[in-house]
Amino acid sequence: EAQAGLREGLHDWSGAEAVLRGAADTPGPAEVRQTLALRAARDASEAGDMAGLRAMRAAYGPLFTGGANAGLFAVLTAEPVGQVTDLPRAAHELAAIRALPASLTVTAAR
């Protein structure tokens, strides 16, 4: 995880994503794995890695069964707005983000 933090500090989003995905794949407490998956999704988003986000949605989606983390993970791994018919979904996602507590950060459980 420290290596991922270093890579994030250097804006090596793809490298950090790979490290975090490896860590999230390791058996452990669900809360820790959720935090790692959220960081990996954030880094994949920064890297513009839609294939990685789709893979994470499939692999880690079952970890998120409810709560703020589930909403945040869903928003981070959602398909981008590509056409006008996607706008209602985007508005719903934006409302979900605005409803998150201001103090909530993906790296809170580091």
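Refer to the preceding data block for the structure.
Described in the following lines is the structure provided in the data block. (Residues numbered from 1 in each chain as written. Predicted model: local features only at pLDDT ≥ 70, side-chain atom pairs only at ≥ 80, totals over all residues. Heavy atoms only, no water.)

### Some thoughts on helix α2 (residues 13–24)
Item 1. In this model α2 runs 16 Å from its N-terminal to its C-terminal C-alpha over 12 residues, within 8% of the 16 Å that 1.5 Å per residue would give.
Item 2. When α2 is considered as a whole, its buried residues turn out to be W13, G15, A16, E17, L20 and A24.
Item 3. Contact partners of the buried residues in α2: α1 (2–9), α3 (30–47) and α4 (50–60). (Helix = DSSP H or I, 4+ residues; strand = E, 2+ residues; numbered from the N terminus. Expected span 1.5 Å × (residues − 1). Buried < 20%, exposed > 50% of the residue type's maximum accessible area, 1.4 Å probe, protein only. Contact = heavy atoms within 4.5 Å.)

### Describing a nonpolar patch on the surface
Item 1. Together, V81, V84 and L87 make up an exposed nonpolar region whose accessible area comes to about 280 Å².
Item 2. Take V84: it is sitting in the loop between α5 (67–76) and α6 (87–99). (Patch = residues over 30% accessible without salt bridge, like charges linked within 9 Å, V, L, I, M, F, W, Y side chains within 5 Å. Areas by Shrake-Rupley, 256 points an atom, 1.4 Å probe, with all protein chains shown as cover. Salt bridge = Lys/Arg side-chain N within 4 Å of Asp/Glu carboxyl O.)

### A look at the packing of aromatic side chains
Item 1. For the structure on display, the rule yields 1 aromatic pair.
Item 2. Their ring planes at 10° and their centres at 4.3 Å tell us that F64 and F73 sit as a pair that is stacked.
Item 3. With a relative accessible area of 4%, F73 lands in the buried category. (Phe/Tyr/Trp six-rings, centres within 6.5 Å; stacked < 30°, edge-to-face > 60°.)

### Quick look at unusual backbone geometry
If a residue is not glycine, its phi is most likely negative; likewise, a peptide bond is most likely trans.
Item 1. Its identity as a non-glycine residue notwithstanding, H11 has a phi of 60°, on the positive side.
Item 2. Looking at the secondary structure, you find H11 in the loop between α1 and α2.
Item 3. Judged by relative accessible area, H11 falls into the exposed class, the value being 55%.

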